[in-house]
Amino acid sequence: MLSHERVWAAIDALAERYSLSASGLARRAGLDSTAFNKSKRLSSDGRPRWPSTESLAKIIEATGASLDEFTGLIEGRTGSDPAASAARKRSVPLLGFAQAGAGGFFDDAGFPAGQGWDLVELPAQSTESSYALQVQGDSMLPLYRNGDVLIVEPGAVTRKGDRVVVKTTAGEVMAKVLERQTVKSIALVSLNPDHPDRDIPMRDVEWVARIVWASQ
(Lines give C-alpha, C1' and ligand atoms only; values in the text may rest on other atoms or scores of the structure.)
Protein backbone atom coordinates (compact mmCIF):
# COMPACT_ATOMS: atom_id res chain seq x y z
CA MET A 1 0.00 0.00 0.00
CA LEU A 2 1.29 3.44 -0.94
CA SER A 3 1.58 5.63 2.11
CA HIS A 4 3.24 8.90 3.09
CA GLU A 5 5.54 7.08 5.53
CA ARG A 6 6.60 4.44 3.00
CA VAL A 7 7.39 6.97 0.28
CA TRP A 8 9.65 9.01 2.56
CA ALA A 9 11.24 5.84 3.91
CA ALA A 10 12.00 4.82 0.33
CA ILE A 11 13.72 8.15 -0.31
CA ASP A 12 15.86 7.65 2.79
CA ALA A 13 16.65 4.07 1.73
CA LEU A 14 17.61 5.19 -1.78
CA ALA A 15 19.96 7.81 -0.35
CA GLU A 16 21.56 5.23 1.96
CA ARG A 17 21.90 2.72 -0.87
CA TYR A 18 23.98 5.24 -2.83
CA SER A 19 25.98 6.44 0.20
CA LEU A 20 24.24 9.80 0.41
CA SER A 21 22.45 11.73 3.10
CA ALA A 22 18.93 12.97 2.35
CA SER A 23 20.35 16.44 1.67
CA GLY A 24 23.12 14.96 -0.48
CA LEU A 25 20.53 13.10 -2.55
CA ALA A 26 18.58 16.33 -3.01
CA ARG A 27 21.70 18.20 -4.17
CA ARG A 28 22.63 15.35 -6.53
CA ALA A 29 19.18 15.66 -8.12
CA GLY A 30 19.49 19.43 -8.53
CA LEU A 31 16.98 20.18 -5.77
CA ASP A 32 17.24 22.44 -2.76
CA SER A 33 19.42 20.71 -0.17
CA THR A 34 16.64 20.93 2.41
CA ALA A 35 13.96 19.40 0.15
CA PHE A 36 14.05 16.03 1.92
CA ASN A 37 14.67 17.24 5.46
CA LYS A 38 12.53 15.67 8.18
CA SER A 39 11.02 19.08 8.87
CA LYS A 40 9.73 19.30 5.29
CA ARG A 41 7.71 16.10 5.52
CA LEU A 42 4.87 17.63 7.47
CA SER A 43 3.17 20.97 6.93
CA SER A 44 3.00 23.58 9.70
CA ASP A 45 -0.40 22.25 10.78
CA GLY A 46 0.88 18.68 10.96
CA ARG A 47 -0.62 17.38 7.73
CA PRO A 48 1.51 14.99 5.63
CA ARG A 49 3.50 16.68 2.87
CA TRP A 50 4.24 14.43 -0.10
CA PRO A 51 7.29 14.73 -2.39
CA SER A 52 6.39 15.78 -5.92
CA THR A 53 6.53 13.32 -8.79
CA GLU A 54 9.10 15.63 -10.39
CA SER A 55 11.35 15.30 -7.32
CA LEU A 56 11.01 11.51 -7.39
CA ALA A 57 11.85 11.40 -11.09
CA LYS A 58 14.92 13.55 -10.51
CA ILE A 59 16.35 11.41 -7.71
CA ILE A 60 15.80 8.23 -9.72
CA GLU A 61 17.63 9.76 -12.68
CA ALA A 62 20.40 11.25 -10.52
CA THR A 63 21.25 7.93 -8.86
CA GLY A 64 20.80 5.78 -11.95
CA ALA A 65 18.26 3.68 -10.06
CA SER A 66 15.39 2.05 -11.90
CA LEU A 67 11.73 2.75 -11.26
CA ASP A 68 11.35 -0.87 -10.20
CA GLU A 69 14.16 -0.45 -7.66
CA PHE A 70 12.48 2.58 -6.12
CA THR A 71 9.08 0.89 -6.15
CA GLY A 72 10.66 -2.05 -4.37
CA LEU A 73 11.89 0.27 -1.63
CA ILE A 74 8.39 1.66 -1.20
CA GLU A 75 6.95 -1.85 -1.00
CA GLY A 76 9.59 -2.92 1.49
CA ARG A 77 11.48 -5.19 -0.90
CA THR A 78 15.04 -4.80 0.39
CA GLY A 79 16.81 -6.27 -2.57
CA SER A 80 18.46 -9.03 -0.54
CA ASP A 81 19.11 -11.12 -3.61
CA PRO A 82 22.89 -11.91 -3.43
CA ALA A 83 23.42 -11.22 -7.13
CA ALA A 84 21.76 -7.81 -6.89
CA SER A 85 23.71 -6.97 -3.75
CA ALA A 86 26.97 -7.97 -5.43
CA ALA A 87 26.15 -5.75 -8.39
CA ARG A 88 25.63 -2.77 -6.10
CA LYS A 89 28.90 -3.45 -4.29
CA ARG A 90 31.08 -4.16 -7.30
CA SER A 91 34.72 -3.14 -6.99
CA VAL A 92 36.02 -1.25 -10.01
CA PRO A 93 39.49 0.05 -10.96
CA LEU A 94 40.25 3.56 -9.70
CA LEU A 95 42.50 5.86 -11.75
CA GLY A 96 43.43 9.51 -11.44
CA PHE A 97 42.90 11.82 -14.40
CA ALA A 98 46.67 12.12 -14.73
CA GLN A 99 46.95 8.35 -15.13
CA ALA A 100 44.12 8.40 -17.64
CA GLY A 101 45.98 10.96 -19.72
CA ALA A 102 49.25 9.04 -19.76
CA GLY A 103 50.05 6.49 -22.41
CA GLY A 104 49.81 2.74 -21.95
CA PHE A 105 47.00 2.63 -19.40
CA PHE A 106 44.13 1.85 -21.80
CA ASP A 107 43.38 -0.55 -24.60
CA ASP A 108 41.95 0.59 -27.94
CA ALA A 109 38.38 0.41 -26.63
CA GLY A 110 39.06 2.73 -23.69
CA PHE A 111 39.22 0.08 -20.95
CA PRO A 112 41.98 0.06 -18.29
CA ALA A 113 44.75 -2.29 -19.38
CA GLY A 114 46.90 -4.47 -17.12
CA GLN A 115 46.64 -5.29 -13.44
CA GLY A 116 47.51 -3.73 -10.10
CA TRP A 117 44.99 -0.89 -10.07
CA ASP A 118 43.64 0.50 -6.84
CA LEU A 119 40.05 -0.68 -6.42
CA VAL A 120 37.08 1.22 -5.09
CA GLU A 121 33.87 -0.43 -3.92
CA LEU A 122 30.84 1.59 -4.84
CA PRO A 123 27.19 1.28 -3.84
CA ALA A 124 26.17 2.02 -7.43
CA GLN A 125 25.21 -0.44 -10.10
CA SER A 126 28.14 -1.01 -12.43
CA THR A 127 29.13 -3.51 -15.06
CA GLU A 128 32.24 -5.53 -15.76
CA SER A 129 33.49 -2.73 -18.02
CA SER A 130 32.97 0.15 -15.57
CA TYR A 131 35.90 1.90 -13.92
CA ALA A 132 36.42 4.95 -11.72
CA LEU A 133 38.22 8.23 -12.33
CA GLN A 134 39.11 10.52 -9.43
CA VAL A 135 38.75 14.24 -10.13
CA GLN A 136 41.93 16.24 -9.64
CA GLY A 137 41.89 20.03 -9.45
CA ASP A 138 39.06 22.53 -9.89
CA SER A 139 38.56 22.52 -13.66
CA MET A 140 35.21 20.70 -13.28
CA LEU A 141 33.68 22.94 -10.62
CA PRO A 142 30.94 23.53 -9.66
CA LEU A 143 29.58 20.12 -10.67
CA TYR A 144 32.57 17.95 -9.71
CA ARG A 145 35.05 18.80 -6.99
CA ASN A 146 38.63 17.76 -6.34
CA GLY A 147 38.53 14.19 -4.98
CA ASP A 148 35.10 13.27 -6.37
CA VAL A 149 34.93 9.85 -8.00
CA LEU A 150 33.31 9.43 -11.42
CA ILE A 151 32.18 6.03 -12.65
CA VAL A 152 32.45 5.80 -16.42
CA GLU A 153 31.12 3.25 -18.87
CA PRO A 154 33.20 2.86 -22.06
CA GLY A 155 31.16 1.81 -25.05
CA ALA A 156 27.86 2.99 -23.55
CA VAL A 157 25.50 4.75 -25.94
CA THR A 158 25.86 8.51 -25.57
CA ARG A 159 23.25 11.15 -26.35
CA LYS A 160 23.07 14.93 -26.35
CA GLY A 161 23.12 16.18 -22.78
CA ASP A 162 25.05 13.21 -21.37
CA ARG A 163 28.03 13.89 -19.13
CA VAL A 164 31.06 12.22 -20.64
CA VAL A 165 34.79 11.80 -20.20
CA VAL A 166 36.79 12.25 -23.38
CA LYS A 167 40.42 11.39 -24.01
CA THR A 168 42.25 12.89 -26.97
CA THR A 169 45.10 11.32 -28.89
CA ALA A 170 47.34 14.02 -27.37
CA GLY A 171 46.66 12.58 -23.88
CA GLU A 172 44.22 15.23 -22.67
CA VAL A 173 41.37 13.90 -20.50
CA MET A 174 38.31 16.03 -19.80
CA ALA A 175 34.81 15.72 -18.35
CA LYS A 176 32.23 17.67 -20.36
CA VAL A 177 28.60 17.64 -21.45
CA LEU A 178 28.01 16.16 -24.88
CA GLU A 179 26.43 18.71 -27.20
CA ARG A 180 26.85 16.94 -30.54
CA GLN A 181 28.78 14.01 -32.00
CA THR A 182 29.13 13.22 -35.70
CA VAL A 183 31.55 11.10 -37.70
CA LYS A 184 33.67 14.22 -38.16
CA SER A 185 33.69 15.97 -34.77
CA ILE A 186 32.44 16.05 -31.21
CA ALA A 187 31.13 19.24 -29.57
CA LEU A 188 31.50 19.46 -25.78
CA VAL A 189 30.10 21.99 -23.30
CA SER A 190 32.34 22.81 -20.34
CA LEU A 191 31.13 22.09 -16.81
CA ASN A 192 33.12 25.07 -15.54
CA PRO A 193 32.30 28.48 -17.11
CA ASP A 194 35.94 29.47 -16.67
CA HIS A 195 36.95 26.80 -19.15
CA PRO A 196 36.04 26.96 -22.85
CA ASP A 197 33.67 24.66 -24.70
CA ARG A 198 35.42 22.35 -27.16
CA ASP A 199 34.81 21.17 -30.72
CA ILE A 200 37.26 18.34 -31.43
CA PRO A 201 37.78 16.47 -34.72
CA MET A 202 36.98 12.78 -34.21
CA ARG A 203 40.38 11.88 -35.64
CA ASP A 204 41.84 13.49 -32.50
CA VAL A 205 39.56 11.57 -30.09
CA GLU A 206 40.92 8.36 -28.58
CA TRP A 207 37.75 7.41 -26.66
CA VAL A 208 34.51 8.70 -25.18
CA ALA A 209 33.01 7.20 -22.00
CA ARG A 210 29.66 8.13 -20.45
CA ILE A 211 29.61 9.15 -16.77
CA VAL A 212 27.05 6.89 -15.09
CA TRP A 213 27.62 7.78 -11.41
CA ALA A 214 29.44 10.38 -9.36
CA SER A 215 30.25 10.53 -5.66
CA GLN A 216 29.47 13.54 -3.49
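Structure first, text after, so check above.
First, a word on scope: everything that follows refers to the structure included in this document. Per chain, residues are indexed from 1 in the order of the written sequence. Reporting in this predicted model follows two pLDDT cut-offs: at least 70 for local features of residues, and 80 or more for side-chain atom pairs to be given and counted; totals over whole chains, interfaces and linings ignore these cut-offs and use all residues. With hydrogens and water excluded, all non-hydrogen atoms of the structure serve as input to the side-chain values.

A separate point is the overall build of the chain. Put simply, DSSP marks the helices as runs of H or I at least four residues long and the strands as runs of E at least two long, and each gets a number from the N terminus on. The number of helices and strands found in the chain is six helices and nine strands. In the chain, buried positions account for 42% of the 216 residues. Whether two residues are in contact is decided by their heavy atoms: any pair within 4.5 Å suffices. A separation threshold of at least 6 residues defines the contact pool for the chain, and within that pool the share at least 24 residues apart is 59%. Surface exposure here means Shrake-Rupley accessible area, sampled with a 1.4 Å probe, where a residue is shielded only by the protein chains that are shown. Total accessible area on the chain is roughly 11,600 Å²; 50% of this is exposed by carbon and sulfur atoms. We call a residue buried when its accessible area falls under 20% of the maximum for its residue type, exposed when it is over 50%, and partly exposed in between, using a 1.4 Å probe and counting protein chains only.

A word on the side chain of S185. By the element assignment, S185 lies in strand 7 (residues 185-190). Engagement of the side chain of S185 in a polar contact is seen with the side chain of D199, the distance being 3.5 Å. Residues within four places of S185 in sequence aside, it is in contact with R180, D199, I200, P201 and M202. Polar contact criterion, stated in full: a pair of N or O atoms within 3.5 Å, where within protein one must be able to donate a hydrogen and the other to accept it, and residues adjacent in sequence count only if both atoms are side-chain atoms.

The subject of this paragraph is helix 1 (residues 4-17). Helix length check: helix 1, at 14 residues, gives a terminal C-alpha distance of 20 Å against a target of 20 Å (1.5 Å per residue), a fit within 8%. Just past helix 1, the residue S19 takes up positive phi, approximately 55°. Here the expected span of a helix is defined as 1.5 Å times the quantity of residues minus one.

The subject of this paragraph is the packing of aromatic side chains. Centres within 6.5 Å are what make two rings of Phe, Tyr or Trp a pair, Trp counting through its six-membered ring; a difference in plane orientation under 30 degrees is then read as stacked, over 60 as edge-to-face, and the rest as tilted. Taken as a whole, this structure holds one aromatic pair when the rule is applied. By the criterion adopted, a ring carries a charge over it if an Arg CZ or a Lys NZ lies within 6 Å of its centre and within 35 degrees of its normal. Above the face of the W213 ring, R28 is positioned so that its terminal group lies 5.6 Å from the ring centre.

Quick look at the environment of R41 now. Here R41 lies in the loop between helix 2 (22-28) and helix 3 (53-63). Residue classification places R41 among the buried positions, given a relative accessible area of 8%. Ignoring any residue separated from it by four or fewer positions in sequence, one finds R41 in contact with H4, W8, D12, A22, F36, R47, P48 and R49. Reaching out from R41, the side chain makes a polar contact with the side chain of D12 at a distance of 2.8 Å.

Residues enter a nonpolar core if they are buried and are Ala, Val, Leu, Ile, Met, Phe, Trp, Tyr or Cys, with the set joined through side-chain atoms within 4.5 Å. Counting 25 residues, the largest nonpolar core has I11, L14, L25, F36, I59 and F70 as the members making the most contacts within it. The set of elements that each furnish at least two residues to this core consists of helix 1, helix 2, helix 3, helix 4 (67-75) and strand 4 (149-154). It is helix 1 that contributes the most residues to this core, six residues altogether. Those residues in contact with F36 that sit more than four places away from it in its chain are W8, I11, A22, L25, A26, L31, R41, S55 and I59. Grouped together as the second largest cluster of nonpolar side chains are 16 residues, Y131, L191, W207 and A209 included.

The analysis is restricted to geometry; functional conclusions fall outside its scope.
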